[in-house]
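Chain and residue survey
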Amino acid sequence: MKFSRRSLLLPVLLAGVAVPLAALPASADTGGSGGSGGSGGSGGNRTPPSLSLGDGPSDKQAVTVVRPAGDGKAGQVQVGGARLTGYDASGGHAVLSAGASSDGVKGSPAELRGGDVIAAPATPVAPQGALVKVKAVHPQAGGSVSVDTAPATLADALGDAKADLRVPLTAADLKVKSPGGGGKVSAGQGNGQGIRFDVDVPMPSGVKPTEGHSSALKGHLDLKPEMLFSYERAHWYSVQPSRATIGMAADYDYGFAAHAEGTASYDTGHKPLHIPAAEVDVNKTVWVGPVPIVLNLKVNYFYDIAADGKITLDAEQDTKGHLEVGAKYDADHGWSALSGPEPTTTGTPARVEGSATAKAGIGTHAELGLYGSVGVTAEAMPYLKATVHGTAGDTKSVPDAKSVNDPKSVNDAKADWALYGGGELTGSFFARLNVFGTKVLDKTWDFPKISYEHQLAGSRS
């Protein structure tokens, strides 16, 4: 069944679980000077050059150095395949040393000068990459240089250019920390793209699986994610980019099954999931032209289960769809949320008994950004909620009754029950992401709490 479109729905997944949500409002801060989000300039010959996804240097740990020019160009400086061998982001300090192999590679770190921009890929020295501007250069022995730095922007590094990229993430890109048993992580199907999570949520005391089931609450997620990145600037049009995007898109299939009975009130309250999929990190380096762009994604999982009385629930829910999550910028309207199409959710016939309200969900807290600078934080939790007073779903007296919604099924005349699929989102939006070179926000902008709830089955219409 389709969810009703009370407003544009935004499916939020963030490499964890999917939840359709009302689209976020655009920022009131336009964040740029004049113009539109088009290609810029009044003449066709003033369109900025297009940058494509490249292979990068043969040494994937080598930095790229560019020198911004007054005409809007950013020319590459040959530094002999130099690597970042020391980096203190907060202290504004870096050390560059000659590359491990200089075969055919021109230049040396000594070519650096004030105003140059260093873009470093994700390496052990800088796990989330680095994007800094050179303030001063101090030569050292052996051809290395010590550099005083300040934060740089993509406008400094890319200059006048435009790019629209969709970068598929494979299972190898998703680094999963394994704090302990209870779940399973496997590579996605189809050329190794994506990942599958299977989780079996630990239950609080007093909750157990219903007869014939081994798990009280379990979920699965098949995800084929792509990182989204776009950029466009023409200096004659604005010193800031006229268009930008940072986000993630994915086809997904998410579902969970609740087969639980409880005898007392309980509330686990956003407890972390102690399973192998409990934390996922992505530091993906892609080369846009010669410049390494480092996309960061971090996801933590939690669960939340609550009930206010005795209840028995057998129900399952599955959601399929395509999502886009993140933010886009244009010079006329500033930053606003990406939105995706409405998902499709189906539920099985439910059996609900007792006198209580119960809710069970598996959620994620995610952070998405560039070069370690967080741009979007969001906490999303899809859930099943059951409410019942009396007994519902007794089909024993009518052998050919097919479900609790079948008119032939015999229900307690006083039963009043319903099963809902719902979701909640809280978080903050581009609080500190200044990497694009546009003014974002002066302080953290908290999302208003967004929630939806849709009846899947029940005695109430």
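Rules and cut-offs
- Residues numbered from 1 in each chain as written.
- Predicted model: local features only at pLDDT ≥ 70, side-chain atom pairs only at ≥ 80, totals over all residues.
- Heavy atoms only, no water.
- Helix = DSSP H or I, 4+ residues; strand = E, 2+ residues; numbered from the N terminus.
- Buried < 20%, exposed > 50% of the residue type's maximum accessible area, 1.4 Å probe, protein only.
- Contact = heavy atoms within 4.5 Å.
- Areas by Shrake-Rupley, 256 points an atom, 1.4 Å probe, with all protein chains shown as cover.
- Salt bridge = Lys/Arg side-chain N within 4 Å of Asp/Glu carboxyl O.
- Phe/Tyr/Trp six-rings, centres within 6.5 Å; stacked < 30°, edge-to-face > 60°.
- Pairing = 2+ DSSP bridges.
- Axes fitted to C-alpha atoms, helices over the stretch in contact; angles between N-to-C directions.
- pLDDT = per-residue confidence, 0-100.
- Core = buried A, V, L, I, M, F, W, Y, C linked by side-chain atoms within 4.5 Å.
- Polar contact = N/O pair within 3.5 Å; in protein donor to acceptor, adjacent residues only side chain to side chain.

1. A short note on the overall build of the protein
Summing up its helical and strand segments, the protein has one helix and 28 strands in all. A buried classification covers 52% of the 461 residues belonging to the protein. Of the contacts formed within the protein by residues at least 6 apart in sequence, a portion of 74% connects residues at least 24 apart. Entry remark: accessible area of the protein is about 19400 Å², with carbon and sulfur atoms responsible for 50%.

2. A closer look at the pattern of salt bridges
Per the stated rule, a full pass over the model turns up 14 salt bridges. The residue Glu353 makes a salt bridge to Arg351 at a minimum N-O spacing of 3.1 Å. Looking at Arg351, the relative accessible area reads 29%, which means it is partly exposed. Salt-bridge contacts for Lys385 lead to Glu453; the nearest nitrogen and oxygen are separated by 3.2 Å. Taken together, the residues Lys385 in strand β26 (residues 373–391) and Glu453 in strand β28 (residues 450–458) connect sequence positions 68 residues apart. Note on Lys385: relative accessible area 19%, which makes it buried.

3. Here's the deal with the environment of Gly159
Note that Gly159 resides in the loop between α1 (154–158) and β11 (161–168). Taking the relative accessible area as the measure of exposure, Gly159 reaches 2% and is therefore buried. It is 5.2 Å that separates the C-alpha atoms of Gly159 and Lys73, two residues lying 86 residues apart in sequence. Residue contacts for Gly159: discarding those within four places in its chain leaves Gly72, Ala74, Leu154, Tyr231 and Arg233.

4. Quick look at the packing of aromatic side chains
Here the structure, examined in full by the defined rule, presents two aromatic pairs. Taking 5.7 Å as the distance between ring centres and 65 degrees as the angle between the ring planes, the aromatic pair formed by Phe197 and Tyr301 counts as edge-to-face. With Phe197 in strand β14 (residues 195–200) and Tyr301 in strand β21 (residues 291–307), this residue pair connects regions lying 104 residues apart in the sequence. In terms of burial, Phe197 and Tyr301 fall into one category: buried.

5. Looking at the environment of Asp253
Relative to the elements of secondary structure, Asp253 occurs in strand β17 (residues 243–262). On the basis of relative accessibility, which here comes to 19%, the residue Asp253 falls in the buried class. Look past the residues within four positions of Asp253 in its chain and what remains in contact with it is His220, Leu221, Asp222, Asp318, Thr319 and Lys320.

6. Observations concerning the sheet that holds strand β6 (residues 83–88)
Neighbouring strands of a sheet are bound in pairs by backbone hydrogen bonds; such pairs are parallel or else antiparallel. Pairing is antiparallel in the open sheet, where seven strands are placed in the order β5-β4-β8-β9-β10-β7-β6. Among the strands making up the open sheet, the edge pair consists of β5 (74–77) and β6. Averaged over all pairs of adjacent strands, the angle between strand axes in this sheet comes to 40 degrees, irrespective of strand direction. Two strands pair when backbone bridges link them, and strand β9 (residues 130–139) and strand β10 (residues 145–151) are joined in this way by seven bridges, in the antiparallel orientation. Within β10, the residue paired with Pro139 across the bridge is Val145.

7. Re unusual backbone geometry
Notably, His270 is not glycine yet its phi reads approximately 55 degrees, a positive angle. Residue placement: His270 occurs in the loop between β18 (266–267) and β19 (271–272). By relative accessible area, which is 36% here, His270 ends up partly exposed. At Tyr371, a position not held by glycine, the phi torsion is positive, near 50 degrees. Relative to the elements of secondary structure, Tyr371 occurs in the loop between β25 (351–370) and β26. Tyr371 gets classed as buried once you look at its relative accessible area, which sits at 10%.

8. As for the pairing of β6
Where a strand is regular, its side chains alternate between the two sheet faces. Judged from the five bridges that link them, β6 and strand β7 (residues 93–97) form a sheet pairing that is antiparallel. Residue pairing in the sheet places Tyr87 in a bridge with Ala94 of β7. Connecting β6 to the next strand, β7, in antiparallel fashion are four residues, including Gly92 with a positive phi near 65 degrees.

9. Overview of the confidence of the model for the protein
Of the residues in the protein, 75% have a pLDDT of 70 or more, and the chain-wide mean is 76. Mean pLDDT values for the elements of the protein range from 26 in strand β2 (residues 19–22) up to 96 in strand β8 (residues 117–120). Low confidence marks residues 1–44, where pLDDT is under 50. Its contacts with residues over four positions away, or in another chain, come to 157 contacts. Here residues 392–413 is modelled with pLDDT under 50, and outside its nearest four sequence neighbours on either side it reaches 32 contacts, counting other chains as well.

10. As for the nonpolar core
Of all hydrophobic cores here, the largest spans 81 residues; its most connected members are Leu131, Leu154, Phe229, Ile293, Leu370, Tyr371 and Phe436. For this core, the element with the highest residue contribution is β21, accounting for ten residues. With residues near it in sequence (within four places) discarded, Ile293 still touches Leu154, Phe229, Lys284, Thr285, Val286, Val288, Leu370 and Tyr371.

11. Comments concerning the side chain of Lys284
Of note, Lys284 is situated in strand β20 (residues 279–288). Its relative accessible area of 18% is what places Lys284 among the buried residues. At 3.2 Å, the side chain of Lys284 and the side chain of Asp173 are in polar contact. Filtering out sequence-adjacent residues up to four positions away, Lys284 remains in contact with Val167, Pro168, Leu169, Asp173, Ile293, Val294 and Leu295.

12. A word on the environment of Thr149
Position of Thr149 among the secondary structure elements: in strand β10. Its relative accessible area of 9% is what places Thr149 among the buried residues. In this structure, the C-alpha to C-alpha distance between Thr149 and Ala136, residues 13 residues apart in sequence, is 7.3 Å.

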